[in-house]
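Letter by letter, the chains look like this.
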Amino acid sequence: MKKFIYKTFLCSSLLLGGAALAGSHPLTKVVFDKTSGISYVDQVVHIDWDIDNPPSLVIDGVSTPLNKAYINSIMEIASDLLYTMTEGRMRLGKISVYSNTFLDRADMQILNKSGRPNAHLDGIDVLGMRNQNFTQPFGEPANATYIGKTIAHEFGHYFFGLLDEYREVGNFKTEDPGSPQDRDTPRPTIMNSQMDFSRFSTPADYSDTTKRQTAQYRWFGRSAWETLVADPATDLPHTKADKLRTWFDSFKGMSVPTTLAVPIDASKSRSSLQLTFMKNTRVAYVFDLNVTQPELDGFIKAATASINAMPAGTIASSLTFSGGSFVEIGTVTLGAGADDPMRQVARDSFLSHKAMPGTGFTGLNNALRRAAVLVSPLAAAQDNAAKIGLPAPLTTSVEIAATPAIELFTTTASTVLPETQTALVNGAVMLIAEMLNKGNGGNMETVAKATRGSPAIANSAAELEKKVLHHIHALNGDSMPNIASQKYDSFAAGAKLEMKFLVASKAIDGKVVLEALVGPNVGMSLELKTPGGITVNEFNAASLGITYKNNILENSLSYYIPTTFPNRTGNWTATLSAINSSVAPVELEAETESKLSVAVSIIGGTKEDPRSPMITAIVQQPVIVKNANVKVDIYDATGMLVKKDLVLTDDGLGVDLKPGDGVYSASLEGILTKSGDYDVEVHVTNGDLTAAYGTGGALSAGANARDVVIGENFLREENLDFAFFSNSLAAQVTEAMSGGGSGGCTLGRGAPFDPVLPLLVAGAGLYLLRRKRPDGLVNESSAHH
Amino acid sequence: MPKIPQSIVKVILLYAGLFTSFWAAAQVDYLVWSELSVWAPGRPDKFRQFYFRQDGKGQFVETLNERVIRIADVNDNSFVKPLELSQLFDLSDSYELPKVSGQVVEGRGNKVALVSSWNGRTKFITADANFLPPLMAGYREKMIEPSVVATGSFVSVRLLPTSFKLSSAEVDQLPLMSDDLVDQFSELRDAFASPFKFIVMDEARWRLVQSHLNQDGLGVYVRTTQRGVVKVQFYP
């Protein structure tokens, strides 16, 4: 099967006259202004330090705080060069900076460490791809100008898919035409040296046939500008092996410039630059009343758990819908602690909801659009403009300082109109869809993915509550990957439920949280046994430096194990003891504050994408992790095991695109035989100590930095729900998917449908079906040791 | 008199060339250890080279942005023994990390390039500096960098590894460095006789070479009759 890299673009007309693009985060967009011909690029930035308490670096002999002014300067320089190198046709717009959160959902990462800048080619509209930069590129602290210019050079790769035009001394590998080589003839362009030049190459740069040795020319057979203005369908065949290059509206119908006339002009290049340091979340809880009262009670419990777990400062609204109407309940700003009166207001409002089964769900459209207006100032501005017939405003017309999100409690039968999805996407609203399983008739899973949110499907209210708690990480952009988990559907009085889990050194695993989600079961107690054999319980935990919490509101028991705990590394055992027999399932899980995470995607196997299904798992930290052991267990909707220990490989064979790139793949063809919901549970281990960090390598440029062998075992576990459509097995790759037409979409990739299929779950990811043990009771860890 | 087959004529000419040309002197076994430190566009390009010969002669060179800043010739038998050279032929050609499809990583990490000529065979190894096999790491520990400031300009003939493959059309486009041209310049003769070694050469004479080749630039890829494509690098 030919493997495609999925482009997760969205194409939705704005009154502005252009179209919007979505990347890894709902705030990532490219908006084309048809009137001016300018494209405005909104980017999400992750920095790995506390911007309110910034560290300092000695840069050019001066101690320099990495504060907001530093980030602002970087973005100004980057915007200047983007403007100049595109002859004024593209500008940076809304730049949303997350400090220590949304690592895997950012277009740009600026990491406070040494490293080699890198970027995914043409990755702007692909979920999980990014432009990675360092405060100490190549080992030396760099000033804002250097980093800003380097980011602009990376835009050449990340936005436009262009290749380098510099020479790499000592690289004699002619078999890799997309890499700079020793024999190269550098051109005076930004893709050669961003410190010296600010323009893309033109045909004149390659008029001398003896000066055509660059990665760019070898790969595309033409200059950068000729590439930008050309229909990607006309690119050389080898450049289209995986995907079509993005073709920006601003370059369509444009002649190749022979004279580059736009100098750096800060007044213009920075005119649309809007830098926002993101704080908090604005979330609207939307309840479907078209369910039974017990189901609604489950929604309310789940939403209550969410309200309890959201951080102080969260702005929370509440709406309900039934039949064709909706009701807006109110909005509060959450304070600190479970006793915060505003949290109580929210909880009380939830409890006032009454089920109205049989009324239908058409009111969902208006409820979601109203919720979008409540959480997103951009959605509000767009809504206001539409009401009075004005064009949609630019995304920079309003500032969004809190992540806009909707947490919807409904069923899998719910369906919304395409316009509703468009309103959410254009308004930069992330939809978290918490759904009770009522079959495959609805489209909320697709809508949630389109907004870069997360769908979850549960078979019971209790299960839904557990999933909701894990979506707190997604809402807040936390990186809390799972180490291991185990679910027990039922147990007898006196049972002892054990789970073993491996804690890696603090270089990999930060604070570890071991949690028992006990639901309505009573008489449960939780103990730990350390690698050194010490028993930790609620009574002695504090004296050992471990925090114990019995969270009644969330029905959970938790231990927080700090990195400072002596002899922490090794195998731990959690034991959940039950005095009484079960009234509901319980679950044990270990998660950790860590950047080493797994992103799981399912490609194909749907009505929209009938290709044979395959699974991929990207292991990253955020640099990729190679040579890990990755296996997956697959369960059907009833919890029955369909396939155990399916090995995902990174060997470049079969469905795996390239060896050693940290993307592990396997085909699901022949494994999935019936339509329905499935759950994959991916386990990543390093038992043979072969895994290594790499800065990645290049199809197109540079040599790799050294692999850093990790040298110790670690565990990661990630789950993903997905709906499989069995008729896809008989279908082949459609002409539409491999074709070159971009239709009316800003970023045509050839596929006329919205291929928002890879679902990045990463560390914050989904909490999905945990498998029941064959015997339902004791002593089996889900972790692989 | 029977007609001599054309293939045999070519072999005869080849060997005749070997014995009559500048290559004849290149049969001394040698080892060249080159270090290319981390580099990025806009950053300095640093290079160090240790050159050891079986006859005890050697050379250390350090360049910055293709200018020699340190150079020292040695005759102290610091050569690595031929027995050890043979061991190098058991190593792989590359100890580098694979690249990731669709991702661009800027610049170059610390690299080591090793060239060994032993018993008429040549071995090229490229490695990430911190990913060296034990045998190469052991070699590095024996090397000492003399502190000698350089003056003057130099030329060096760089043989190319097997990873350097050009199409016949590309080769045809390269300028030909004929034996006659080499014979006109004693510096080139010496450089071809001791590949990789830095040979003193006046800049004006290098310009003459460039003029013969109709080329500019400090590094020139040229066709030769005996060694295929080589790189001739001038260090001003």
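Quick notes on the rules
- Residues numbered from 1 in each chain as written.
- Chains lettered and ligands numbered in written order.
- Predicted model: local features only at pLDDT ≥ 70, side-chain atom pairs only at ≥ 80, totals over all residues.
- Helix = DSSP H or I, 4+ residues; strand = E, 2+ residues; numbered from the N terminus.
- Buried ≥ 20, exposed ≤ 12 C-beta atoms within 10 Å, placed from the backbone.
- Contact = placed C-beta atoms within 7 Å.
- Core = buried A, V, L, I, M, F, W, Y, C linked by C-beta atoms within 7 Å.
- Domains from an automatic or database assignment.
- Axes fitted to C-alpha atoms, helices over the stretch in contact; angles between N-to-C directions.
- Parallel < 35°, antiparallel > 145°, perpendicular 65-115°, else oblique.
- Left-handed = near helix turned anticlockwise from the far one by under 90°.
- Nonpolar A, V, L, I, M, F, W, Y, C, P; charged D, E, K, R; others polar.
- pLDDT = per-residue confidence, 0-100.
- Pairing = 2+ DSSP bridges.
- Arc of directions from axis to C-beta.
- Expected span 1.5 Å × (residues − 1).
- Bend = angle between axes of the 7 residues up to and from the residue.

K.L.:
Got a minute to help me understand the overall build of chain A in this structure?
P.N.:
Summing up its helical and strand segments, chain A has 14 helices and 34 strands in all. Within chain A, the fraction of its 785 residues that count as buried is 60%. A fraction of 72% describes how many contacts in chain A between residues 6 or more apart in sequence connect residues 24 or more apart.

K.L.:
Could you clarify how one ought to interpret the nonpolar core in this entry?
P.N.:
For soluble globular proteins, nonpolar side chains are generally found buried alongside one another. All names here are of chain A. Ranked by internal contacts, the top residues of the largest apolar core, which has 133 residues, are Val286, Ala371, Ala372, Ile406, Val429, Leu431 and Ile432. Ranked by residues supplied to this core, first place goes to helix 1 (residues 68–85) with 10 residues. Two domains each put at least three residues into this core: domain 1 (29–276) and domain 2 (279–471). Each residue touching Val286, except ones within four places of it in the same chain, is listed here: Leu319, Phe321, Ala367, Leu368, Ala371, Ile406, Leu408 and Phe409. Of all hydrophobic cores here, the second largest spans 74 residues; its members include Val518, Val623, Leu668 and Phe722.

K.L.:
Which parts of the structure should I look at to understand the packing of helix 1 of chain A against helix 2 (residues 144–158) of chain A?
P.N.:
A pair of packed helices is characterised by two quantities: the angle between their axes and the separation of those axes. All names here are of chain A. It is the contact of helix 1 with helix 2, at a shortest axis distance of 7 Å, that shows an interaxial angle of 40 degrees. With respect to helix 2, the element helix 1 is oriented oblique. Every pair of crossing elements has a handedness; the one defined by helix 1 and helix 2 is right-handed. Taken together, the residues of helix 2 that come into contact with helix 1 (itself represented by Tyr70, Ser73, Ile74, Met75, Glu76, Ile77, Ala78, Leu81, Leu82 and Met85) are Ala144, Thr145, Ile147, Gly148, Lys149, Ile151, Ala152 and Phe155. Among the residues making up the contact of helix 1 with helix 2, the classes are represented as 13 nonpolar, 3 polar and 2 charged.

K.L.:
What is the right way to look at the environment of Ser597 of chain A in this model?
P.N.:
All names here are of chain A. Relative to the elements of secondary structure, Ser597 occurs in strand 25 (residues 597–603). We classify Ser597 as buried; it has 27 C-beta atoms within 10 Å. The sequence separation of Ser597 and Val332 amounts to 265 residues, and the corresponding C-alpha distance is 33 Å.

K.L.:
Would you mind going over the domain arrangement of chain A with me for this structure?
P.N.:
Many analyses report the size of an interface as the accessible area lost when the parts associate. Under the domain assignment used here, chain A contains domain 1 (29–276), domain 2 (279–471), domain 3 (482–592) and domain 4 (597–738). Put simply, the middle of domain 1 of chain A and the middle of domain 4 of chain A, counted by C-alpha atoms, are 29 Å apart.

K.L.:
Would you mind showing me how to read the confidence of the model for chain A here?
P.N.:
A low pLDDT means the predicted coordinates there should not be read in detail. All names here are of chain A. Residues of chain A with pLDDT of at least 70 account for 87%, and the chain-wide mean is 83. Here residues 1–20 scores under 50 on pLDDT; set against residues more than four positions off or in separate chains, the count is 81 contacts. Segment residues 728–785 is flagged for pLDDT under 50; beyond a separation of four residues in sequence, or across chains, it makes 170 contacts in the model.

K.L.:
How do you make sense of the pairing of strand 6 (residues 108–115) of chain A when you look at a structure like this?
P.N.:
Regular strands show a simple pattern: their side chains alternate between the two faces of the sheet. All names here are of chain A. By the bridge criterion, 3 bridges tie strand 2 (residues 38–47) to strand 6 in an arrangement that is parallel. From the neighbouring strand, Val45 faces strand 6, where its bridge partner is Met108. Note: strand 6 against strand 8 (residues 131–137), 6 bridges, orientation parallel. Among the inter-strand pairings, Leu111 is bridged to a residue of strand 8, identified as Phe134.

K.L.:
I keep staring at helix 6 (residues 186–193) of chain B and nothing clicks. Help me out?
P.N.:
Because each turn of an α-helix spans 3.6 residues, side chains separated by three or four positions end up pointing in the same direction. All names here are of chain B. Of all the positions in helix 6, only Leu188, Ala191 and Phe192 are classed as buried. One side of helix 6 carries all its buried residues, which in axial view fall inside an arc of 95 degrees. Looking at the buried residues of helix 6, the elements they touch are strand 9 (154–158), helix 5 (179–184), strand 10 (199–200) and helix 7 (203–213).

K.L.:
Got a minute to help me understand the packing of helix 6 (residues 293–309) of chain A against helix 12 (residues 461–476) of chain A in this structure?
P.N.:
All names here are of chain A. Here helix 6 crosses helix 12 at 25 degrees, and the two axes come no closer than 9 Å. It follows that helix 6 is roughly parallel to helix 12 by the angle criterion. Pair helix 6 / helix 12 crosses with right-handed handedness. For the pair helix 6 and helix 12, contact is made by Pro294, Glu295, Asp297, Gly298, Lys301, Ala302, Ala305, Ser306 and Ala309 and by Ala461, Leu464, Glu465, Val468, Leu469 and Ile472, respectively.

K.L.:
What should I look at first to understand the sheet that holds strand 5 (residues 94–95) of chain B in this one?
P.N.:
Strand-to-strand pairing in sheets goes through backbone hydrogen bonds, with the strands running parallel or antiparallel. Residues and elements named next belong to chain B. If you trace the 7 strands from one edge of the open sheet to the other, you get 4-3-2-1-7-8-5, paired in mixed fashion. Each edge of the open sheet is held by one strand with a lone partner, namely strand 4 (67–74) and strand 5. Alignment of strand 5 against strand 8 (residues 121–128), held across 2 bridges, turns out to be parallel. Its bridge partner being in strand 8, Ser94 is matched across the sheet by Thr126.

K.L.:
Explanation requested: the pairing of strand 1 (residues 30–36) of chain B in the structure shown.
P.N.:
Residue and element names in this part refer to chain B. Within strand 1, 5 of the 7 residues are buried, which leaves the element mostly enclosed by the surrounding structure. Note that strand 1 and strand 7 (residues 111–118) share 7 bridges and pair antiparallel. Residue pairing across strands places Tyr30 opposite Ser117, the latter belonging to strand 7. Two strands pair when backbone bridges link them, and strand 1 and strand 2 (residues 46–53) are joined in this way by 7 bridges, in the antiparallel orientation. Each residue of the ladder has a partner; that of Val32, found in strand 2, is Tyr51.

K.L.:
Would you mind showing me how to read the confidence of the model for chain B here?
P.N.:
Mean pLDDT over chain B works out to 82, with 84% of the residues at or above the 70 mark. Counting contacts from residues 1–26 of chain B, a segment whose pLDDT is below 50, to residues more than four positions away or on other chains yields 20 contacts.

K.L.:
Got a minute to help me understand the environment of Asp52 of chain A in this structure?
P.N.:
Residue and element names in this part refer to chain A. Along the chain, Asp52 falls in the loop between strand 2 and strand 3 (56–59). Look at Asp52 and you get exposed, because 10 C-beta atoms sit within 10 Å. Sequence-wise, Asp52 and Leu66 are 14 residues apart; in three dimensions their C-alpha atoms are separated by 9.7 Å.

K.L.:
Hey, could you run me through unusual backbone geometry in this one?
P.N.:
For residues besides glycine, phi is generally negative; the peptide bonds are generally trans as well. Backbone geometry at Arg452 of chain A places phi at a positive 65 degrees, although glycine is not the residue there. Of note, Arg452 of chain A is situated in the loop between helix 11 (444–450) and strand 15 (455–458). Even without being glycine, Asn214 of chain B reaches a positive phi, approximately 60 degrees. Positionally, Asn214 of chain B belongs in the loop between helix 7 and strand 11 (219–224).

K.L.:
Explain the sheet that holds strand 11 of chain B to me, please; I cannot follow it from the model alone.
P.N.:
All names here are of chain B. Spatial strand order, 10-9-12-11: 4 strands in an open sheet with antiparallel pairing. Every other strand in the sheet has two partners, leaving strand 10 and strand 11 as the edge strands with one partner each. Sheet topology note: the strand 9/strand 10 ladder contains 2 bridges and is antiparallel. The partner of Phe154 across the bridge, within strand 10, is Val200.

K.L.:
Explain helix 12 of chain A to me, please; I cannot follow it from the model alone.
P.N.:
Residue and element names in this part refer to chain A. With 16 residues, helix 12 extends 23 Å between its outermost C-alpha atoms, agreeing within 8% with the 22 Å of an ideal straight helix rising 1.5 Å per residue. Of all the bends in helix 12, the greatest, near 30 degrees, is centred on His470. Of all the 16 residues making up helix 12, 16 are buried; the element is thus mostly covered by neighbouring parts of the structure. Just beyond helix 12, the residue with positive phi is Gly477, at close to 70 degrees.

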